[in-house]
Amino acid sequence: AVVSTQSGHYGRDREVGVFLWRGFTLQDVMHQCFSTHKDNTKGRQMPIHYSAKKLNIQCVSSTLATQVPNAVGYAYSNKIKGIKAVTVTYFGEGAASEGDVHAAMNMAAVLRCPTIFICRNNGYAISTSTEDQYAGDGIVVRGYGYGMRSLRVDGNDLFAVHKAVSDARKVALENSCPILIELMTYRVGHHSTSDDSTAYRSIDEVNYWNKEDSPVGRLGLYLMKRKLWDAEKENSYAKECRKEIMAAFNVAESALKPSPYLVFDDVYDSHSTQIAEQKEHLEEHLKIYGEHYNLKDYDV
């Protein structure tokens, strides 16, 4: 919320909230997940691999931690061009074990690139707990080792996170330097739909964090104490959100798929002779056998 759209955002699938705040709509999310003809990645990416050039949201990558050095490179490019903006990159404490993160931090510190590294330390890298990931004091200490300003924040405190990122942005811009922020939080849900987290942690542990230290719950209590929120508003808002989600879901589910001819685009700046010939062959093939391909489901 404190970083402008001029700043580059290099995140992962867990940053959908950041993307929505920046202007990536719920309908955009659904079109991408369904790979429709309105998906701005043209149906070429896996689901939840969002991107939006106009919002400076770089495409999510499946490969762990590759977004981190990319973010530093983008920040360095802006610095050379004289563009006054920070670049933000997000990763988990599990990804922090990847070599890409270490190389990126060192590069950012040496070249003094205005980059904000935001590490979401949620306690687990899929099924591997932090106790089995590292023996040191979390991720924040690694920043000091690279000569980088670093801080640890209660990631379940909305106002603390807002303050930390706001201050980090100011310092990074004024001093042209990188900053590492470690957000201490907890992953209440399973890692994915294919993960059963009860195999490696107790339900009591999950229930404690969900009931006692949930960022949503804490913010709710804060608002309720100030008479700004109540249970009725909570239930009404939940129903409204579900309605919006299902409406966007239904639109994307019934939308056309991207044109098969898009496969020839974006390979080169313009179509080469070979690609042009391949496209002609596909056109001829579909004229003869198109009825076997359900072309009515595609934007052709």
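Placed above this text is the structure.
Scoring rules and cut-offs
Residue positions are given per chain, counting from 1 as you read along its sequence in written order. Note on the predicted model: pLDDT of at least 70 is required for a residue's local features to be given, and 80 or more for side-chain atom pairs to be given and counted; whole-chain, interface and lining totals, by contrast, use all residues. Note that water and hydrogens are dropped before the side-chain values are worked out from all heavy atoms of the structure. Put simply, DSSP H or I for four residues or longer makes a helix, DSSP E for two residues or longer makes a strand, and each gets a number counted from the N terminus. Type-normalised accessible area, obtained with a 1.4 Å probe on protein chains alone, sets the label of each residue: buried when under 20%, exposed when over 50%, and partly exposed for intermediate values. Areas reported as accessible are Shrake-Rupley estimates using a 1.4 Å probe. Residue values count occlusion only from the protein chains shown. In this tally Asp and Glu are treated as negative and Lys and Arg as positive; neither His nor the chain ends contributes. The atom standing in for a charge is NZ when the residue is Lys, CZ when it is Arg, CG when it is Asp and CD when it is Glu. Each axis is a line fitted through C-alpha atoms, and for a helix only the stretch in contact is used; angles between axes span 0 to 180 degrees, taken between their N-to-C directions. Throughout this description, any angle smaller than 35 degrees is read as roughly parallel, any larger than 145 degrees as roughly antiparallel, any in the 65 to 115 degree range as roughly perpendicular, and the remainder as oblique. Helix crossings are classified by the rotation of the near helix relative to the far one: an anticlockwise turn of less than a right angle makes the crossing left-handed, while a clockwise turn makes it right-handed. Residues are treated as being in contact if the distance between any of their heavy atoms lies within 4.5 Å. All residues other than Ala, Val, Leu, Ile, Met, Phe, Trp, Tyr, Cys, Pro, Asp, Glu, Lys and Arg, Gly among them, are scored as polar; the first ten of these are nonpolar and the last four charged. Pairs of strands are assigned from DSSP output, requiring at least two bridges between the strands. Each patch is built from residues lacking any salt bridge and having more than 30% relative accessible area; the joining distance is 9 Å for like charges and 5 Å for nonpolar side chains (Val, Leu, Ile, Met, Phe, Trp, Tyr). Any Lys or Arg side-chain nitrogen found within 4 Å of a carboxyl oxygen on Asp or Glu counts as a salt bridge.

Asks: When you look at the overall build of the protein chain in this model, what are you seeing that I'm missing?
Replies: Regarding its fold elements, the protein chain presents ten helices and seven strands. C-alpha extents for the protein chain along the principal axes are approximately 65 × 50 × 40 Å. Within the span of the protein chain, comprising 300 residues, buried residues form 36% of the whole. When the accessible surface of the protein chain is split by element, carbon and sulfur atoms take 54% of a total near 17,200 Å². The protein chain carries 34 positive and 37 negative side-chain charges, and their two centres are separated by 8 Å.

Asks: Help me understand the packing of helix α2 (residues 26-34) against helix α9 (residues 231-253), please; the structure alone is not making it clear to me.
Replies: The relative placement of two packed helices comes down to the angle between their axes together with the axis-to-axis distance. At a closest axis distance of 9 Å, the pairing of α2 and α9 adopts a crossing angle of 40 degrees. The orientation of α2 relative to α9 falls into the category oblique. The element α2 and its partner α9 pack so that their crossing is right-handed. In this structure, α2 contributes Leu 26, Gln 27, Met 30, His 31 and Phe 34 to the contact, and α9 contributes Glu 244, Ile 245, Ala 248, Phe 249, Val 251, Ala 252 and Glu 253. Here the residues of the contact of α2 with α9 are counted per class, giving eight nonpolar, two polar and two charged.

Asks: I'm lost on the pairing of strand β2 (residues 87-92) in this one. Help?
Replies: On any regular strand, side chains alternate: one points to one face of the sheet, the next to the other face. When you tally the buried positions in β2, you get six out of six residues, the bulk of the element. Burial along β2 is two-sided: the residues Thr 87, Thr 89 and Phe 91 and Val 88, Tyr 90 and Gly 92 are all buried. Direction of pairing for strand β1 (residues 9-10) relative to β2: parallel, over a ladder of two bridges. In the strand pairing of β2, His 9 is matched with Val 88. Examined bridge by bridge, β2 and strand β3 (residues 115-121) share six bridges and lie parallel to one another. Bridging from a neighbouring strand, Tyr 90 pairs with Ile 118 of β3.

Asks: Where do I start with a negative patch on the surface in this structure?
Replies: Together, Glu 277, Glu 280, Glu 283 and Glu 284 line one region of the surface with negative charge. Residue position: Glu 277 is located in helix α10 (residues 273-289). Residue class for Glu 277 comes out partly exposed when judged on its relative accessible area of 41%.

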